[in-house]
Amino acid sequence: MDNSFEQCVRKPDYTQDNKKYSLYRVLMIISIIGAAVGLLLVFMGLYYIGAIDAVLWGGIAFLFYRLMDGAIIEYDYEFSDGAIRIARISNRAKRKELAALMLDAVEAIAPYNKGDVEKYTADGSRKLLDCTLNSDSRWYYILASQNGKKLFVLWEPKQELLKLIRNERRQLVTL
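What comes next is a walk through the structure. Remember, predicted model here, so these are calculated numbers, not experimental data.

Definitions and limits used
- Residues numbered from 1 in each chain as written.
- Predicted model: local features only at pLDDT ≥ 70, side-chain atom pairs only at ≥ 80, totals over all residues.
- Heavy atoms only, no water.
- Axes fitted to C-alpha atoms, helices over the stretch in contact; angles between N-to-C directions.
- Helix = DSSP H or I, 4+ residues; strand = E, 2+ residues; numbered from the N terminus.
- Parallel < 35°, antiparallel > 145°, perpendicular 65-115°, else oblique.
- Left-handed = near helix turned anticlockwise from the far one by under 90°.
- Nonpolar A, V, L, I, M, F, W, Y, C, P; charged D, E, K, R; others polar.
- Core = buried A, V, L, I, M, F, W, Y, C linked by side-chain atoms within 4.5 Å.
- Buried < 20%, exposed > 50% of the residue type's maximum accessible area, 1.4 Å probe, protein only.
- Contact = heavy atoms within 4.5 Å.
- Salt bridge = Lys/Arg side-chain N within 4 Å of Asp/Glu carboxyl O.

## A short note on the packing of helix H1 (residues 15-43) against helix H2 (residues 47-69)
Contact geometry for H1 and H2: axes closest at 7 Å, N-to-C directions at 165°. The orientation of H1 with respect to H2, classified from their angle, is roughly antiparallel. Of the two elements, H1 crosses H2, and the hand of that crossing is left-handed. Considering only residue class, the contact of H1 with H2 consists of 21 nonpolar, five polar and two charged.

And the structure:
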């Protein structure tokens, strides 16, 4: 019996995110040109003005690079080998694993209700990890421990994924 499942969570429409990405890219290129002009001023003998210009525009270019990096976000949920893995995918290329939760370290998986975040994170003992994109879908939370840290993970899994986890550990999952 195959006990693995993978789900990619995407927004229904990425038009706005693609526009944001394009805007950040254009502004970053303009900032790089501004920094290059500053370097030219340094080579022409205007050391202070050129250095300030280069640093200022270089910093702005870096800011737009960072904004561009997070413009298009997707999440990947995977369940296999008794572990739930959650990864963030930026710009359809860069993948970063956010959590790898063994079922032994999971306390509960249940439907999310307003007030749950404050209930479990108010005392500061749990770190909130929000892995949701769509406000109209059914959210669930995971209470777990990873590397000695207690986590409160918000996610939006399909019922198939929850049922598969429930088959492994019935007492963990509330549907």
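## Here's the deal with the nonpolar core
With 27 residues, the main nonpolar core has Ile-84, Ile-109, Ile-142, Trp-155 and Ile-165 as its most contacted residues. When contributions to this core are tallied by element, the ones reaching two or more residues are strand E1 (5-9), strand E2 (73-80), strand E3 (83-90), strand E4 (94-102), strand E5 (106-111), strand E7 (140-146), strand E8 (149-155) and helix H4 (159-168). Setting aside its immediate chain neighbours within four residues, Ile-109 contacts Ile-84, Tyr-141, Ile-142, Trp-155, Leu-162, Ile-165, Leu-172, Val-173 and Thr-174. One finds Ala-108, Ala-110, Tyr-112 and Leu-143 within the second-largest nonpolar core, a separate group that totals nine residues.

## A short note on the pattern of salt bridges
Going through the model one piece at a time under the given rule, you end up with eight salt bridges. Put simply, Asp-69 and Lys-94 hold a salt bridge, and the shortest N to O gap is 3.0 Å. One end of the pair, Asp-69, is in helix H2; the other, Lys-94, is in strand E4, with 25 residues separating them in the sequence. For Asp-69, a relative accessible area of 16% gives the class buried. Overlapping salt bridges bring together Arg-10, Glu-74 and Arg-92 as one network.

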